[in-house]
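# Inside the fold
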Amino acid sequence: MTASYTRRSAARRSRMAAAGAIAVTGALLLTGCGDQTEGAKEGGSSQGSQAPLFSELPQDIQKSKVIKVGTDATYAPMEFEEGGKIVGVDPAIAEALGKQLGVRFQFTSGTFDGLITGLNSGRSDIIMSSMSDTKERQQGIDDKGKKAGPGVDFVDYFNSGVSLLVKKGNPKGIESLDDLCGQKVAVQRGTIYETTFQKQAKTCAEDKKGKLTIESFDSDAEAQTRVKSGGAVADLNDFPVASYIAKTAGGGKDFEVTGDQTEAGPFGIAVSKKNTQLRDALKAALDKSIADGSYKKALEKWDVTDSAVEKAAVNAGS
């Protein structure tokens, strides 16, 4: 996504909370292992060394036949908890990659803004959590423009735009960011959307169009609840996520998407800069899964084929 809604600053992340009951009751954080992940028992680990790209993996992963994945499973349809399992677009893509690599992707959920720290500390091998590939994240720059870490590499696997999510009926007539001046918005903390709202607040002040008040929450589910109750006029999310919420929350009676989809840009699988071997193996696995059609099937399962990439790329975000 790249236009007036800049989802590419240091704090960026594409995230949403699971809709319906999750949207009302709050995010469910699943801290389980790979057996609770969609496709865990069907992944590539049974192939082991017979898988096409098994030998391309680092030795420790070849030994364990597991890639530990950090995620924030509160972002349907990308990744969310359902029936005790982490399901969604990202787990489905991971399953396709696992068959190429001969390993199982073991998803563990935590808060989004702690995922890179977890990667750098070794708690996970990769992050697969609708995370936008940005130059700031590649360089380890925080939302204040300061160096906060070594940065990460991204294998880009998905494209998405962003949209405003408002209460059903759009009672305040919100169609763009400029319409938010003088209003209150809700957003998940630590996301690019929070940064986007902060920038818009400055624009509103400079143009003397009224103060934009921002309420930030630990989960997008909380932000959604605030919008639903009328306490805020809008939330901001990736288009597939916003669309999913609008279709499913309250049986489609709680929210609607408004304005144009903007800011098309890549989600990336984040990998430590020290682990170029794993990065390159993931890139090769994605290209193979695109070529054999399993990547497309994963997207078709969740009706997000418009966000497909034609080939894997490394650090293509801006």
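Here the structure is a predicted model, which means the values were calculated and not measured.

Turning our eyes to something else, we now look at the overall build of the protein. Regarding its fold elements, the protein presents 10 helices and 12 strands. Each of the 318 residues in the protein was classed as buried or not, and the buried ones make up 57%. Taking all contacts inside the protein whose residues are at least 6 apart in sequence as the whole, residues at least 24 apart take part in 79%. With the model as given, the accessible surface of the protein reaches about 12,800 Å², and the carbon-plus-sulfur share is 47%.

Both faces of the sheet carry side chains from a regular strand, because those side chains alternate between them. The sheet contact formed by strand E8 (residues 184-188) and strand E9 (residues 213-217) spans five bridges and is parallel. Bridging from a neighbouring strand, lysine 184 pairs with threonine 213 of E9. Between the parallel elements E8 and E9, the chain passes through helix H6 (residues 192-206) in a crossover that is right-handed.

Our next topic: the pattern of salt bridges. Counted according to the given criterion, the structure contains nine salt bridges. Residue lysine 273 pairs with aspartate 153 through a salt bridge whose shortest N-O separation is 2.8 Å. Of the two residues, lysine 273 sits in the loop between strand E11 (255-272) and helix H9 (276-292) while aspartate 153 sits in strand E7 (residues 152-167), which places them 120 residues apart along the sequence. On the basis of relative accessible area, lysine 273 is assigned to the partly exposed category, the value being 33%. With its nearest N and O atoms 3.6 Å apart, the salt bridge here joins lysine 283 to aspartate 287. On the criterion of helical spacing, the pair formed by lysine 283 and aspartate 287 is a turn pair, its members being four residues apart in helix H9.

Bringing the sheet that holds strand E2 (residues 74-75) into the picture now. As summarised here, the arrangement of the three strands in space is E2-E3-E4, forming an open sheet in which the pairing is antiparallel. This sheet does not close on itself; its edge strands, each paired only once, are E2 and strand E4 (85-87). As paired elements, strand E3 (residues 79-82) and E4 share three bridges and run antiparallel to each other. Bridge pairing in E4 places glutamate 81 opposite isoleucine 86.

To continue, consider the state of the cysteines. Summed over all chains, the structure comprises one disulfide. Note on cysteine connectivity: cysteine 181 is disulfide-linked to cysteine 204, with sulfurs 2.0 Å apart. Its S-S torsion of approximately -80° makes the covalent link between cysteine 181 and cysteine 204 left-handed. A residue pair is termed long-range when its members are at least 10 positions apart, and cysteine 181 in the loop between E7 and E8 and cysteine 204 in helix H6 qualify at 23 residues. The pair formed by cysteine 181 and cysteine 204 is uniform in burial state, with each residue classed as buried.

It is worth spelling out the environment of aspartate 178 at this point. Among the secondary structure elements, aspartate 178 is positioned in the loop between E7 and E8. Taking the C-alpha atoms as reference, aspartate 178 lies 7.4 Å from cysteine 204; in sequence the two are 26 residues apart. Here glutamine 200 takes part through its side chain, which lies 3.3 Å from a polar atom of the side chain of aspartate 178.

Right, let's get into unusual backbone geometry. The omega torsion across alanine 76 and proline 77 is 5°, close enough to zero to call that bond cis. Checked against the element boundaries, proline 77 lands in the loop between E2 and E3. Located in the positive-phi region is asparagine 170, a residue other than glycine, with phi close to 45°. Here asparagine 170 is to be found in the loop between E7 and E8. Accessibility expressed as a relative area gives 11% for asparagine 170, which makes it buried.

Moving on, we come to a negative patch on the surface. A cluster of acidic residues, Glu175, Asp178, Asp179, Glu206, Asp207 and Asp260, forms a negative patch on the protein surface. Among the secondary structure elements, aspartate 207 is positioned in the loop between H6 and E9. Judged by relative accessible area, aspartate 207 falls into the partly exposed class, the value being 42%.

On to the packing of aromatic side chains, then. Scanning the model with the defined rule gives four aromatic pairs in all. Plain terms: the ring middles of phenylalanine 80 and tyrosine 244 are 6.1 Å apart, the flat faces sit at 50° to each other, and that makes the pair tilted. Remark: tyrosine 244 occurs in helix H8 (residues 239-248) and phenylalanine 80 occurs in strand E3; sequence separation between them is 164 residues. A relative accessible area of 4% places phenylalanine 80 in the buried class. Taken together, a centroid distance of 5.3 Å and an interplanar angle of 20° make the contact between phenylalanine 158 and phenylalanine 267 stacked.

Reading the values: rules and limits
Residues numbered from 1 in each chain as written. Predicted model: local features only at pLDDT ≥ 70, side-chain atom pairs only at ≥ 80, totals over all residues. Heavy atoms only, no water. Helix = DSSP H or I, 4+ residues; strand = E, 2+ residues; numbered from the N terminus. Buried < 20%, exposed > 50% of the residue type's maximum accessible area, 1.4 Å probe, protein only. Contact = heavy atoms within 4.5 Å. Areas by Shrake-Rupley, 256 points an atom, 1.4 Å probe, with all protein chains shown as cover. Pairing = 2+ DSSP bridges. Right-handed = clockwise from strand over helix to strand, strands pointing away. Salt bridge = Lys/Arg side-chain N within 4 Å of Asp/Glu carboxyl O. Disulfide = S-S within 2.5 Å. Polar contact = N/O pair within 3.5 Å; in protein donor to acceptor, adjacent residues only side chain to side chain. Patch = residues over 30% accessible without salt bridge, like charges linked within 9 Å, V, L, I, M, F, W, Y side chains within 5 Å. Lys, Arg positive; Asp, Glu negative; His and termini not counted. Charge placed at Lys NZ, Arg CZ, Asp CG, Glu CD. Phe/Tyr/Trp six-rings, centres within 6.5 Å; stacked < 30°, edge-to-face > 60°.

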